[in-house]
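# Fold and contact review
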Amino acid sequence: MFVSFPDADWRDDVGPIDGITPVVWHPRDPGPDAPVDAVVAPYVGAARSIAAVGRVPSVRFVQLLTAGYDGILEQLPESVSVANAAGVHDDSTAEMGMALALASQRGLPGFARAQPEGDWTFPGLLPSLADRRVLIVGYGSVGRALGRRLVPFQIELTAVAGHARDGDDLVDRVHAIENLPELLPTAEVVFVVVPLSDATRGLIGEDFLAALPDDALVVNIARGPVADTDALLRHTGRLRFALDVTDPEPLPPDHPLWRAPNVLISPHVGGASSAFRPRALRMLREQLTRLARGEEPAHVVGVGARPAP
């Protein structure tokens, strides 16, 4: 079985796997020299180049290095199945969510701005994370990783997923997303960790934000279009936001969100930490070993939406 890697470093770091013949091919380059059966997509910009995979008729499987797969299935033929990197980014993304929340609660952006001026002004009592009523919207693997980090901060945790279900060691019950109108009015910190889909696009909109109490913090570590940017701007004076993702993305330098009050922005770096590569390599070795044995790969999120050539 021929498997393509986006560069030689990924090929070399994965190492030899019985039954796998590795080749190097990035979808933005001319077609591969070998009849590639499976493609490891590039980590950055996969959606911008993945359509080229559909022009290689031998390909039957694409392995993403991201948890998100928006913009991927639409570009591939129905003969190609796609797996995401479920679990690879859980720890890094959860850490980023915690960092954004703690920085926002404890006023770190203001301290960073004051440091070059040598300004030692006491800001008064800042909101803690401890004792807050915290809501996680999107209680999948990243949401649970976030919950495990939040609980030691002595918060009151509520979890929401697409459908209601029994709880786990962190929450007694997982609520359905249709219960948000009754949960948002008491939430002081809200983490949004849902995948981008037709159902979640614009989820953080006018109704969502209007339901929150004054000074609540919304942390978006999902995808930019999960939030309605115009709605965010309308509520920046009353609410606070910590955004690792935006819409549009990258955010243009003159966009008003950069200068809106009560907004902390990071440039979509939730998964970009030193924890990524070792976890990705373990995942790739496991997936490719499955393929070589003729087994079904894990974490398949769907098949392409275009007719097969």
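Now for a description of the structure that goes with this document. (Residues numbered from 1 in each chain as written. Predicted model: local features only at pLDDT ≥ 70, side-chain atom pairs only at ≥ 80, totals over all residues. Heavy atoms only, no water.)

Attention now goes to the nonpolar core. Counting 31 residues, the largest nonpolar core has Leu135, Val190, Val192, Ile204, Phe208, Leu209 and Leu212 as the members making the most contacts within it. Ignoring anything within four residues of it in the chain, the contact list for Leu135 reads Thr158, Val160, Leu180, Leu183, Leu184, Ala187, Val189, Val190 and Phe191. With 26 residues, the next largest nonpolar core counts Leu100, Leu146, Ala161 and Val193 among its residues. (Core = buried A, V, L, I, M, F, W, Y, C linked by side-chain atoms within 4.5 Å. Buried < 20%, exposed > 50% of the residue type's maximum accessible area, 1.4 Å probe, protein only. Contact = heavy atoms within 4.5 Å.)

Once that is clear, we can look at the pattern of salt bridges. The final tally for this structure, using the stated rule, is eleven salt bridges. The salt bridge involving Asp91 is made with Arg279; its shortest N-O contact spans 3.2 Å. Here Asp91, found in helix α3 (residues 90–105), pairs with Arg279, found in helix α9 (residues 276–292); they are 188 residues apart in sequence, far enough to count as distant. For Asp214, the salt bridge is made with Arg238, and the minimal N-O distance between the two is 2.9 Å. (Salt bridge = Lys/Arg side-chain N within 4 Å of Asp/Glu carboxyl O. Helix = DSSP H or I, 4+ residues; strand = E, 2+ residues; numbered from the N terminus.)

Cis rather than trans, the peptide bond between Asp247 and Pro248 has omega equal to 10 degrees. In this structure, Pro248 sits in the loop between β12 (240–243) and β13 (263–265). Even without being a glycine, His268 presents a positive backbone phi close to 55 degrees. Relative to the helices and strands, His268 is located in the loop between β13 and α9.

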